[in-house]
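Single-letter residue listing:
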Amino acid sequence: MYAIEVLKKEHQNILYFIEETRKTCVDILSGKPVDTALFYEYLSFGRNYADKHHHKKEENILFKVMLEDLGSIAEKLIRHGMLVEHDLGRRYLMDLEEALKEYEETNAVEAKLEIISAMTSYGIFLRRHIEKEDDTVYPFAKRALEDDKKEWVNEETKRFEQEETEKVNERFKAWIIEK
């Protein structure tokens, strides 16, 4: 299924991003200074690529169809699982932003700890979330959706990609390659 292949490829980009953030946090623990500009780039990647680009496709296309067509199992899996987790990811990013602002204002060690904590928690969360989607949600969608619904999801994903790729995807693909 084209849409799921796109989403899984984006997961690989997100997993790469997580590894980069982890290395940066380890560097801080090893004594390097906090590079707030880099952490703001991480924040931007999380908000714009992982959430607005990737999660938006899931929420507005794939999950929408699953909720409409697959009954109570999809309701539990999507509405009470994946969508709740998307909100949790947004919370981690808000925590990171708050910690960065606090650090810029105070240069406090506690704020440094909060930066590391928010960033690593977001990474751990994303790894687990991606595993659930790749191993459970996507295979369920491929098995359970009717062919016409799969085709609609694929077509909507292609349309979304054509409209949004130039704005978001290319910027962050270049960022990943650069890192």
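Sequence order as written defines the numbering, with residues in each chain counted from 1. Reporting of local features is limited, given that this is a predicted model, to residues whose pLDDT is at least 70; pairs of side-chain atoms are given and counted only at 80 or more, and all residues count toward the totals for whole chains, interfaces and linings. Values shown for side chains rest on all heavy atoms present in the structure; no hydrogens or waters enter the calculation.

**Structural notes on the pattern of salt bridges**
Moving on, step 1. Criterion for a salt bridge: a side-chain nitrogen of Lys or Arg within 4 Å of a carboxyl oxygen of Asp or Glu. Counted by the stated rule, this structure contains 19 salt bridges.
Moving on, step 2. The salt bridge involving E98 is made with R91; its shortest N-O contact spans 3.4 Å.
Moving on, step 3. Using a 1.4 Å probe on the protein chains alone, a residue whose accessible area is under 20% of its type maximum counts as buried, one over 50% counts as exposed, and one in between counts as partly exposed. With a relative accessible area of 47%, E98 lands in the partly exposed category.
Moving on, step 4. Judged by relative accessible area, which is 35%, R91 ranks as partly exposed.
Moving on, step 5. By sharing partners, the salt bridges in this structure join D51, E59, D87 and R90 into a single network.

**What about helix α4 (residues 109-144)?**
Moving on, step 1. The end-to-end C-alpha distance of α4, which contains 36 residues, comes to 50 Å, matching closely the 52 Å that a straight helix rising 1.5 Å per residue would cover.
Moving on, step 2. Within α4, the axis deviates most sharply at E133, by approximately 40°. Here a helix means four or more residues in a row that DSSP labels H or I, a strand means two or more in a row labelled E, and each is numbered from the N terminus. Every helix has an expected span of 1.5 Å times one less than the residues it contains. Note that bend, as reported per residue, equals the angle between axes fitted to the 7 residues terminating at that residue and the 7 residues originating from it.

**Looking at the nonpolar core**
Moving on, step 1. In this structure, I14, F17, F39, L96, I115, M119 and Y122 are the most contacted members of the largest nonpolar core, which totals 28 residues.
Moving on, step 2. Listed by contribution, the elements that provide at least two residues to this core are α1 (2-29), α2 (36-69), α3 (71-106) and α4.
Moving on, step 3. With 9 residues, α4 is the largest single contributor of residues to this core.
Moving on, step 4. Setting aside chain neighbours within four positions, we find L96 in contact with F39, L43, I115, A118 and M119.
Moving on, step 5. In these notes, a set of buried Ala, Val, Leu, Ile, Met, Phe, Trp, Tyr and Cys residues joined through side-chain atoms within 4.5 Å is what counts as a nonpolar core. Counting 21 residues, the second-largest nonpolar core is a separate cluster that includes I4, L7, F140 and A141. Only heavy atoms enter the contact rule, under which two residues are in contact if any of them lie within 4.5 Å.

**Some remarks on unusual backbone geometry**
Moving on, step 1. Positive phi values are uncommon outside glycine, yet N107 reaches one of about 60°.
Moving on, step 2. Here N107 is to be found in the loop between α3 and α4.

**Quick look at the packing of α1 against α2**
Moving on, step 1. Helix axes are fitted only over the stretch in contact, all axes being lines through C-alpha atoms; the angle between N-to-C directions runs from 0 to 180 degrees. Contact geometry of α1 with α2 gives a least axis separation of 11 Å together with a crossing angle of 155°. As summarised for this structure, α1 and α2 are arranged roughly antiparallel, according to the angle between their axes. Both α1 and α2 take part in a crossing whose hand is left-handed. From α1, V6, L7, E10, H11, N13, I14, F17, E20, T21, T24, C25 and I28 reach across to α2, where they touch L38, F39, Y42, F45, G46, Y49, A50, H53, H54, K57, E58 and L62.
Moving on, step 2. Note on residue categories: nonpolar means Ala, Val, Leu, Ile, Met, Phe, Trp, Tyr, Cys or Pro, charged means Asp, Glu, Lys or Arg, and polar means any other residue, Gly included. Taken together, the residues of the contact of α1 with α2 break down into 13 nonpolar, 7 polar and 4 charged. In what follows, roughly perpendicular refers to angles from 65 to 115 degrees, roughly parallel to angles under 35, roughly antiparallel to angles over 145, and oblique to any angle outside these ranges. Handedness of a helix crossing follows the sense of rotation of the near helix relative to the far helix, less than a right angle counterclockwise being left-handed and clockwise being right-handed.

Coordinates in, geometry out; function isn't part of it.
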